[in-house]
Amino acid sequence: MQAGYGRAAPVLRGFSVSVPAGAIVCLVGPNGAGKSTVLKVAGGLLKPRDGRVIVAGKDVTGAGPQQMLGHGVSLVLQGHSVFREMTVEENVLLGAYTLRDARKIAERVAFVKEIFPVVADRWGSLAGLLSGGQQKQVEFARSLMVDPKVVLLDEPSMGLDPKATSTVFEQVVRMRDAGTAVLLVEQNARRALETADLGCVLDLGRVHISGPARQLLADPQLGELYLGGRPAEPVPDI
Ligand SMILES: Nc1ncnc2c1ncn2[C@@H]1O[C@H](COP(=O)(O)OP(=O)(O)OP(=O)(O)O)[C@@H](O)[C@H]1O
């Protein structure tokens, strides 16, 4: 597919990725490669200039964000998007604004509370009182309210300390295990690939290489170029 902004040259030029049901796919690549642009196209925030967006066999190219949600694509944006002055409950229920059936909403609430214990424990608290990692889980819970086929996560560990990052990645795995496919963009590429099933390295708007995440992690050249060095080699004493 091709996609870009305004009249500028395309950011994505011949890019393609597929997210199988039940898999975590991680997009990796240098700054400015177009990773967030892929999520914007998949989430309906940006229309592709050429190419198609297919969800569960259906061509949904050109759908806007709300329609994409209806097609089963839920986007969790970069940074923090909880409403701090609202309770966890109110934040999570915002994710159900397209649902009409009260029983379905109650079912989804029970489901997200089970997956994200912190959401259940802090249900009545103001979201602003939660830690950054806990707030991210509230965002995840909100994104799952519509029972999406795929969740798009843009840098979920941004601004989190290592412990909170680990918790957030554990929750990404729980989302996948509960049946939601995940397309993930992360600065913390090595950590994300360790969590993902499949990886796709994006460079200059094209797929540089894609395959099983473990295989990409083991590739010394990729490690050097995109993952911040080779972890397998001992760090020399200074
Ligand atoms: N709203 C926008 N308007 C114009 N250009 C944009 C816009 N958003 C992104 N770009 C440009 O598109 C290119 C790709 O940006 P994108 O955010 O997709 O990259 P990225 O791989 O996610 O980068 P990073 O790792 O730094 O977040 C960059 O050159 C960026 O300047």
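Refer to the structure above for everything that follows.
Just so you know, these numbers come straight off a predicted model, no measurement behind them. (Residues numbered from 1 in each chain as written. Predicted model: local features only at pLDDT ≥ 70, side-chain atom pairs only at ≥ 80, totals over all residues.)

Student: When you look at the nonpolar core in this model, what are you seeing that I'm missing?
Tutor: Nonpolar side chains in soluble globular proteins tend to be buried together. Counting 64 residues, the largest nonpolar core has V25, C26, L152, V182, L183 and L184 as its most contacted members. For L152, the residues in contact, after removing those within four places along its chain, are L39, A42, G43, V73, L75, V76 and L183. (Core = buried A, V, L, I, M, F, W, Y, C linked by C-beta atoms within 7 Å. Buried ≥ 20, exposed ≤ 12 C-beta atoms within 10 Å, placed from the backbone. Contact = placed C-beta atoms within 7 Å.)

Student: Looking at this model, I keep getting lost on helix α6 (residues 132-144). Mind explaining?
Tutor: Counting along an α-helix, one turn takes 3.6 residues, and residues three or four places apart therefore face a common direction. The end-to-end C-alpha distance of α6 is 19 Å, a good match for the 18 Å that 13 residues give at a rise of 1.5 Å each. Burial analysis of α6 places 12 of its 13 residues in the buried class, which makes it a mostly covered element. Those residues of α6 that are buried are in contact with β6 (73-76), α3 (88-94), α4 (102-115), α5 (117-121), β7 (150-154) and α7 (162-177). (Helix = DSSP H or I, 4+ residues; strand = E, 2+ residues; numbered from the N terminus. Expected span 1.5 Å × (residues − 1).)

Student: Sorry, what's going on with the pairing of strand β3 (residues 24-28) here?
Tutor: Each regular strand carries side chains that alternate between the two faces of the sheet. Within β3, five of the five residues are buried, which leaves it mostly tucked inside the rest of the structure. Because side chains alternate across β3, one face comprises the buried residues I24, C26 and V28, and the other comprises V25 and L27, equally buried. As judged from the four bridges shared by β3 and strand β8 (residues 181-185), these two strands associate in the parallel manner. Across the sheet, the residue bridging to L27 is V185, located in β8. Here four bridges tie β3 to strand β9 (residues 198-203), and the two strands are oriented parallel to one another. The residue of β9 that forms the bridge with V28 is V201. (Pairing = 2+ DSSP bridges.)

Student: Even after reading the chapter, I still don't get the site of the ligand, so can you show me in this structure?
Tutor: With respect to spatial proximity, the complete set of residues near the ligand consists of Y5, V11, G29, N31, G32, A33, G34, K35, S36 and T37. Broken down by class, the residue content of the shell around the ligand amounts to three nonpolar, six polar and one charged. (Near = placed C-beta within 6 Å. Nonpolar A, V, L, I, M, F, W, Y, C, P; charged D, E, K, R; others polar.)

Student: I would appreciate a short explanation of α7 in the present structure.
Tutor: With 16 residues, α7 should cover 22 Å at 1.5 Å per step; its first-to-last C-alpha distance of 23 Å lies within 8% of that length. Of the positions making up α7, those classed as buried are T165, V168, F169, Q171, V172, M175 and R176. The buried residues of α7 occupy an angular sector of 155° when projected down its axis, which confines them to one face. Of the residues in α7, the exposed ones pointing more than 90 degrees away from the buried face are K163, E170 and D177. Residues of α7 that are buried make contact with β3, α4, α6, β7, β8 and α8 (189-195). Looking at the residues trailing α7, positive phi occurs at G179, about 110°. (Arc of directions from axis to C-beta.)

Student: Hey, could you run me through the pairing of strand β10 (residues 206-212) in this one?
Tutor: Taken together, the six bridges between β9 and β10 define a ladder with antiparallel strand orientation. Opposite L198, over in β10, you have P212 as the bridge partner.

Student: What's the story with the sheet that holds β7 in this structure? I'm lost.
Tutor: Adjacent strands of a sheet pair through backbone hydrogen bonds, lying either parallel or antiparallel. Judged by pairing direction, the sheet is mixed, and its six strands sit side by side in the order β6-β7-β8-β3-β9-β10 without closing on themselves. In this open sheet, the two edge strands, each paired with only one partner strand, are β6 and β10. Going across the sheet, the axis of each strand differs from the next one's by a mean of 15°, ignoring polarity. Those strands touched by helix α1 (residues 35-42) are β3, β6, β7, β8 and β9, and its axis lies near 145° from that of β8. (Axes fitted to C-alpha atoms, helices over the stretch in contact; angles between N-to-C directions.)

Student: I keep staring at the environment of M158 and nothing clicks. Help me out?
Tutor: Assignment of secondary structure puts M158 in the loop between β7 and α7. Overall, M158 belongs to the partly exposed group, with 16 C-beta atoms counted inside 10 Å. Note: C-alpha distance between M158 and H80 (78 residues apart in sequence) is 8.9 Å. Those residues in contact with M158 that sit more than four places away from it in its chain are Q78, G79 and Q187.

Student: How should unusual backbone geometry be read in this particular structure?
Tutor: Trans is the prevailing form of peptide bonds, just as negative phi is the prevailing case for residues other than glycine. You will see that A56, though not glycine, has its phi angle at about 45°, which is positive. Mapped onto the elements, A56 comes out in the loop between β4 (54-55) and β5 (58-59). For A56, a count of 12 C-beta atoms within 10 Å gives the class exposed. You will see that D147, though not glycine, has its phi angle at about 55°, which is positive. Of note, D147 is situated in the loop between α6 and β7.

Student: Please explain the environment of N91 as it appears in this structure.
Tutor: By secondary structure assignment, the location of N91 is in helix α3. With 22 C-beta atoms counted inside 10 Å, the residue N91 sits in the buried group. Along the chain, N91 and V185 lie 94 residues apart, while their C-alpha atoms are 23 Å from each other.

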